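Residues per chain are reported as follows:
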Amino acid sequence: MRAVEYYGYALIAGIGHDEAAGMLPGYILDMYMIRLRYDARLAGANMEKRAFG
């Protein structure tokens, strides 16, 4: 995987470029996965609110 992709994952996870430069790629990917799970839970909650008023 290229460094540009890691920086993209870091930005999605809310990690700045300068911070990501000093982090291990595995940590960046872990934070990215945590963010994806959080967003999925949030989207599910929003969908329930719309369905049940």
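All of these numbers come straight from a predicted model, not from anything done at the bench. (Residues numbered from 1 in each chain as written. Predicted model: local features only at pLDDT ≥ 70, side-chain atom pairs only at ≥ 80, totals over all residues. Heavy atoms only, no water.)

Things to note about the overall build of the chain
In step 1: What the chain contains, in helices and strands, is 3 helices and 0 strands.
In step 2: Going from the N terminus to the C terminus, the chain shows its helices and strands as α-α-α.
In step 3: The buried share of the chain, reckoned over its 53 residues, is 11%.
In step 4: For the chain, the accessible area works out to roughly 4,300 Å², and carbon and sulfur atoms hold 61% of it. (Helix = DSSP H or I, 4+ residues; strand = E, 2+ residues; numbered from the N terminus. Buried < 20%, exposed > 50% of the residue type's maximum accessible area, 1.4 Å probe, protein only. Areas by Shrake-Rupley, 256 points an atom, 1.4 Å probe, with all protein chains shown as cover.)

Points about the packing of aromatic side chains
In step 1: For the coordinates displayed, the defined rule picks out 1 aromatic pair.
In step 2: Here the aromatic rings of Y9 and Y32 are separated by 4.6 Å at their centres, their planes lie at 50°, and the arrangement is tilted. With a gap of 23 residues between them, Y9 in helix α1 (residues 3–13) and Y32 in helix α3 (residues 25–52) connect regions that are remote in the sequence.
In step 3: Looking at Y9, the relative accessible area reads 24%, which means it is partly exposed. (Phe/Tyr/Trp six-rings, centres within 6.5 Å; stacked < 30°, edge-to-face > 60°.)

A short note on the confidence of the model for the chain
In step 1: On average, residues of the chain carry a pLDDT of 87, and 87% of them reach 70 or more.
In step 2: For the chain, per-element mean pLDDT is lowest for α3, which scores 83, and highest for helix α2 (residues 17–21), which scores 94. (pLDDT = per-residue confidence, 0-100.)

Things to note about the nonpolar core
In step 1: Counting 5 residues, the largest nonpolar core consists of A10, A13, I15, A20 and I28.
In step 2: The residues contacting I28, other than those within four sequence positions of it, are Y6, Y9, A10, A20 and M23. (Core = buried A, V, L, I, M, F, W, Y, C linked by side-chain atoms within 4.5 Å. Contact = heavy atoms within 4.5 Å.)

Some words on the environment of G8
In step 1: In this fold, G8 is placed in helix α1.
In step 2: Sequence separation of G8 and I28 is 20 residues, and the distance between their C-alpha atoms is 9.8 Å.

Re the pattern of salt bridges
In step 1: Per the counting criterion, the structure on display carries 1 salt bridge.
In step 2: We note a salt bridge from D39 to R35, for which the minimum N-O separation is 3.1 Å. Here D39 and its partner R35 are both found in helix α3, 4 residues apart, which amounts to about one turn of the helix.
In step 3: In this structure D39 comes out as partly exposed when scored by relative accessible area, which is 30%.
In step 4: A residue is classified by how much of its surface remains accessible, and R35, at 34% relative accessible area, is partly exposed. (Salt bridge = Lys/Arg side-chain N within 4 Å of Asp/Glu carboxyl O.)

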